[in-house]
Amino acid sequence: MTLKECNLIVLDKPRALSSEQEVYLVDQFGLFFVHHSFESLLSGFKSHPMDMILLVLEALGGSESLSALKAIKGMYPEIPILLATDIAPDEIDKSIPFALAGMLPVAWQGDRFSEVLRSQESSILRYAKKERERRGDAPQELGLEESIARFFSHTKEKLAAFDLEAESGKRFNYPLMKRFIHTAYNNFIEVDPKIRSIRKLTEAKDRLSEALRLQILLKKRIDVSIEYNYEEVYLKNQPAYIDVIQKLEQTLRKMGVYRKEMGILTSQMERFKEEMKHASDPSLKVEAEQSFKNANRRYVDRMHEIKQMQESLGVMEATKEELWKRDFEAFMRVFKEEAGKYEREYEELVDALAYRFDRFLWIAARESRLVREYFEKGMIEGVFSSKTYLEYYVKHLDKNLSSKANRELIRYRHKMEEENAIHVALVGNVTEDLLQDKRRLEATDGYIRVSLYVPQTLENFFEEAKEGKYEIVMMEDVVGRWLFFQLWKRLKESLVDSSFLPKQVLLVRHYKDPKRIREKALSMRWENILTPPITREKLKALLLSIA
């Protein structure tokens, strides 16, 4: 490995680097970039691995360049750093708490820079080799599907953290209903700030917000042009493409520097011509002629080199185009399929989380005395539910919506509450007790639909339950001649699909030893055990805990 294979990055905030210095540097290093701000410098480090830094520093006081240097050294502690400055060495020693690879004057000449490079060559090459070994000699080539899978791995990981399958299968059309649900939430916490502190509701809101944030992030990543993603996701994992891109950059950079040098040489040759024309002393004329010849020779050499580079550019551009076209169609097809899949998964997740947030919001609202009073004072007519509030909302609070949109919202809300109903089986002995429990349950949550079963109708219960009709079964500890665990065993045996197994709640009403029956239910991992009196608060806590 030689210095010509190493990459140099320059931070030249004062823009003091001369054209002659640029020409020297572009000839000495493989890749050479000049940046005039710290942000640009950091971006350069991300784009290309760098083996050495040259910092141009004109002053110490409040120097952004010096702060940038310290920050870079913190990120890359072993990278060799050269300093071009006219500040006294003892002042530099006081301000820079680490060793430098060398120091140069701001107006350094090529021979002086070469001396420093020779003295530091071994340490520069050692760092460069070490970095290449750390990164790998060449980028790891990834196949098309592997590159796309890596791009979406973060999305996949975040979705997995939500465990979509574990979420309720019930959905809520969030794009259609978001204005309503957030207005309802904001209204209710304004009426009763305590609602904000309900843990289950806060968790549901936070999870919905996080899913929405990640959904927006995914959309931003996939909505950029397919050409951009093709290059960033796939081509930049292909060593052949990276190699041709770096050669193109290096060649174009050199051509730019050489053209700048040719402009300087042209001015110099014009000046030498004038000196030859007006020289009064023959020796001065000879000196001017020689200077003209040297400048002209260098000009011709640069022109020849630029011509060669232009020819090589054509070959490199053709190679780049060939590499670009090779897999573009296949990439576009697979990328769009994967993007569509993850977009749909996020839509399902957001709709499921919105449903949970809406449910918890209305359970909390029904239990708030202040919100109930707000309904009464606002003369909001109808059953205390989101459907009732929605009709009030579109008529009085959101007049910007067209009447057609209003009707669509109300129609969807009616349909959605029926589709997402939570079916509960109440199994016990006394119909009057069960009816009271039913009224309390349905008053606590508008999604709840309760069916009652007594000993005489147990066979109907088994028929309804075995196909998975019920999400929750609430049964008394004794039903007719059945103990609850015998009845539960019979139900499990009759289920067509074990995934239909409902969540189970025990009502401890009849057994002579309530403590023993509770222990039995807990050992069987029942979700909840309720003891009389069965109050609205207990039912609310129950629904929040097993929703």
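To be clear, the structure that these remarks concern was listed above.
Residues numbered from 1 in each chain as written. Predicted model: local features only at pLDDT ≥ 70, side-chain atom pairs only at ≥ 80, totals over all residues. Heavy atoms only, no water.

**So, the sheet that holds strand 4 (residues 81–85)**
Sheet architecture is open: five strands sit in the order 2-1-3-4-5, paired in parallel fashion. Whereas interior strands pair on both sides, the edge strands pair on one side only; in this sheet they are strand 2 (31–35) and strand 5 (102–104). On average, each strand axis in the sheet is tilted by 20 degrees relative to the strand beside it, whichever way the strands run. Inspection of the sheet shows strand 1 (residues 7–11) paired to strand 2 by five bridges, in the parallel sense. The residue bridging L11 from the neighbouring strand is H35, located in strand 2. Helix 1 (residues 19–28) contacts strand 1, strand 2 and strand 3 (52–57) of the sheet and is inclined by roughly 145 degrees relative to strand 2. (Pairing = 2+ DSSP bridges. Helix = DSSP H or I, 4+ residues; strand = E, 2+ residues; numbered from the N terminus. Axes fitted to C-alpha atoms, helices over the stretch in contact; angles between N-to-C directions. Contact = heavy atoms within 4.5 Å.)

**A few points about the packing of aromatic side chains**
A full pass over the atoms with the stated rule returns 24 aromatic pairs. Clustering of aromatic rings is evident, with ring pairs tying together F151, F152, Y230, Y234, W324, F328, F331, F335 and Y342. In this structure, R302 packs its charged tip against the face of Y258, placed 3.9 Å from the ring centre. Across the ring face of F485, the terminal group of K520 is positioned such that the distance to the ring centre comes to 4.7 Å. (Phe/Tyr/Trp six-rings, centres within 6.5 Å; stacked < 30°, edge-to-face > 60°. Lys NZ or Arg CZ within 6 Å of the ring centre and 35° of its normal.)

**Points about the pairing of strand 8 (residues 472–476)**
The buried count for strand 8 comes to five of five residues, which makes it a mostly enclosed element. A two-sided burial pattern is seen for strand 8, the buried positions comprising I472, M474 and E476 on one face and V473 and M475 on the other. Here strand 6 (residues 422–427) runs beside strand 8; their pairing, made up of four bridges, is parallel. Within the sheet, the bridge partner assigned to L426 lies in strand 8 and is M474. (Buried < 20%, exposed > 50% of the residue type's maximum accessible area, 1.4 Å probe, protein only.)

**Details of helix 6 (residues 144–151)**
Inspection of helix 6 places L144, S147, I148 and F151 among the buried residues, and these make up the whole buried set. The arc that holds every buried residue of helix 6, seen down its axis, measures 95 degrees, which confines them to one face. Structurally, helix 6 contributes buried residues whose contacts are with helix 7 (153–162), helix 9 (199–223), helix 10 (226–234) and helix 12 (282–366). (Arc of directions from axis to C-beta.)

**Things to note about the pattern of salt bridges**
Pairs can form between side chains of opposite charge whenever their charged atoms are close. Enumeration over the complete set of coordinates arrives at 27 salt bridges. In this structure, R112 engages E115 in a salt bridge whose closest nitrogen and oxygen atoms are separated by 3.8 Å. Pair noted here: R112 and E115 are both in helix 5 (residues 110–135), with a separation of three residues, about one helical turn. What makes R112 partly exposed here is its relative accessible area of 32%. In this structure, E203 and R199 form a salt bridge, with 2.9 Å as the shortest nitrogen-oxygen distance. Linking E203 with R199, this pair stays in helix 9, spanning four residues, or about one helical turn. Judged by relative accessible area, which is 36%, E203 ranks as partly exposed. (Salt bridge = Lys/Arg side-chain N within 4 Å of Asp/Glu carboxyl O.)

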